[in-house]
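A closer look at the structure
Here is what each chain is made of, one letter per residue.
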Amino acid sequence: MPSKVASRKSSRLNSTGYYNVEGEPFICYKETTRKIFRRHRRNTSQLSTSHRAEKQKNRNTDSDILTNRNSNILSIQNTNSRASTVFKIFGILFFLVPLCFGLAYLIPTLNSSFLDCGPSESPVSTYVTNTTKAASCEELAKQIRKLQDKQLRLENYLLPVADTLPNYALESQGACVISHLSSTTYHAQAGWSFLWIPMWLKSANPGTVIKGGSPLVIGHCWPFAGERGHLFITLSHPVTISHVSLSHFSRNLSPTGTITSAPKEFSVCGMKTFDEEGTPLGTFLYDQDGESSQTFKLPDHKKGVFHHVKLQVETNWGNPDYTCLYSFKVHGMLADEGHKGADRTPTSGCRDR
């Protein structure tokens, strides 16, 4: 027996001190054969299979329990949500019904006490409203006045002075020229004849001077013969004269660079009737190098109320044959109703010419 044990010694076990001095192992054991090992593995696999089945069964049971629990929870939640919804609906109805009844009671009272309370408004609120409206109206009036002043300054800058003043020698307003009391119209010879009879060009009538057209058209004027002549005008209304305006086309627009036919020195007389000699209102000089429309202020514009005006041209700027009048305007104020002999109605002299 010892020889068998010694022959079966393992050098690895001997080096680790597994055997004693006599060569016998400290621990005796019985080796497990291969067959027993296989039977053990088969039993282990059977145990693991049954264990897995049991675990799967437990899992299925747990999942069933969880499913049942979740379904119970959902059913409980649905029941609770329905109950809360019904409770909310009843709460809202409980609040709205008294509110509707209250409004139905208060609306007629409000209509009678507030909507028809014009005279019974609070005096403080009325005062504040009126003050605000007055302030806004004053501010608006100031802005309007500023705009009017700006417009007036712009008009004065762009327009001649004569166009910014009322004109009482305007034909369209009722003024007229008394032809038989004015100078004779100049007729220019045409430069050709018919059967040895000289032909004359047609000239404009004296009424051209009070047409008031703007701008002036070269050649559209009333010419009278020579340097000296006069024009008798019946005004549209009785007026206290303050300014007169005389117009001729500008020297810059002349093809020859001169305006020899323009009036130079002239005077103005005011009359109340056709027969009187007239009241001298002033003597003036038209500047050929100045503006085309020139306005002259009378030295004394309080000499009376006049119905007629006589424009007397004394000289022109060098033309010995004729003098041209393009436009003449009379400015002033309407006569006061209380003035002795004054009549603010349009004059009737034009119907008697």
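For the structure itself, look to the data block above.
Residues numbered from 1 in each chain as written. Predicted model: local features only at pLDDT ≥ 70, side-chain atom pairs only at ≥ 80, totals over all residues. Heavy atoms only, no water.

A tally of regular secondary structure across the protein gives four helices and eleven strands. Within the protein, the fraction of its 353 residues that count as buried is 25%. Taking all contacts inside the protein whose residues are at least 6 apart in sequence as the whole, residues at least 24 apart take part in 72%. Carbon and sulfur atoms make up 59% of the accessible area of the protein, which totals about 25,200 Å². (Helix = DSSP H or I, 4+ residues; strand = E, 2+ residues; numbered from the N terminus. Buried < 20%, exposed > 50% of the residue type's maximum accessible area, 1.4 Å probe, protein only. Contact = heavy atoms within 4.5 Å. Areas by Shrake-Rupley, 256 points an atom, 1.4 Å probe, with all protein chains shown as cover.)

Looking now at the pattern of salt bridges. Inspection of every chain in the model, using the stated rule, returns four salt bridges. Where D289 meets R251, a salt bridge forms, and the shortest distance between an N and an O atom there is 2.5 Å. Remark: R251 occurs in the loop between β5 (229–247) and β6 (263–271) and D289 occurs in the loop between β7 (279–285) and β8 (293–297); sequence separation between them is 38 residues. The exposed category is assigned to D289, whose relative accessible area is 55%. Residue classification places R251 among the partly exposed positions, given a relative accessible area of 28%. (Salt bridge = Lys/Arg side-chain N within 4 Å of Asp/Glu carboxyl O.)

A few words on a positive patch on the surface. On the surface, K142, R145, K146 and K150 cluster together to form a positively charged patch. The topology assignment puts K146 in helix α4 (residues 123–158). Given a relative accessible area of 58%, K146 falls into the exposed group. (Patch = residues over 30% accessible without salt bridge, like charges linked within 9 Å, V, L, I, M, F, W, Y side chains within 5 Å. Lys, Arg positive; Asp, Glu negative; His and termini not counted. Charge placed at Lys NZ, Arg CZ, Asp CG, Glu CD.)

Below, the discussion takes up a nonpolar patch on the surface. On the surface, a nonpolar cluster with roughly 570 Å² of combined accessible area is contributed by I92, F95, L96, L99, L103 and I107. Note on placement: L99 falls in helix α3 (residues 34–115). The exposure class assigned to L99 is partly exposed, which follows from its relative accessible area of 40%.

Counting 28 residues, the largest nonpolar core has I241, F266, V268, L311 and F328 as the members making the most contacts within it. Those elements that place two or more of their residues in this core are β4 (222–225), β5, β6, β7, β9 (306–316) and β11 (327–334). Looking at this core element by element, the count peaks at seven residues for β5. Filtering out sequence-adjacent residues up to four positions away, I241 remains in contact with L235, L281, L298, H301, F306, V309, V330, H331 and G332. Judged by nonpolar contacts, the second largest core, of six residues, contains I259, A262, C324 and Y326. (Core = buried A, V, L, I, M, F, W, Y, C linked by side-chain atoms within 4.5 Å.)

With that settled, the discussion passes to the packing of aromatic side chains. Under the definition given, this model contains seven aromatic pairs. Between F249 and Y326 the ring centres are 5.5 Å apart and the planes differ by 80°, which places this aromatic pair in the edge-to-face class. On the criterion of sequence distance, the pair formed by F249 in the loop between β5 and β6 and Y326 in the loop between β10 (322–325) and β11 is long-range, its members being 77 residues apart. Both residues of the pair, F249 and Y326, count as buried. Considering the side-chain rings of F266 and F296, the 5.4 Å spacing of their centres and the 75° angle between planes classify their relative orientation as edge-to-face. Residue F266 is located in strand β6, and its partner F296 is located in strand β8; the two are separated by 30 residues in the primary sequence. Through pairs of rings, three or more aromatic residues link up here, namely F266, F284 and F296. Positioned above the aromatic ring of W317 is the side chain of K264, whose terminal nitrogen or guanidinium carbon lies 4.6 Å from the ring centre. (Phe/Tyr/Trp six-rings, centres within 6.5 Å; stacked < 30°, edge-to-face > 60°. Lys NZ or Arg CZ within 6 Å of the ring centre and 35° of its normal.)

By the secondary structure assignment, D336 is in the segment after β11. A C-alpha to C-alpha distance of 9.5 Å links D336 and P238, two positions 98 residues apart in sequence.

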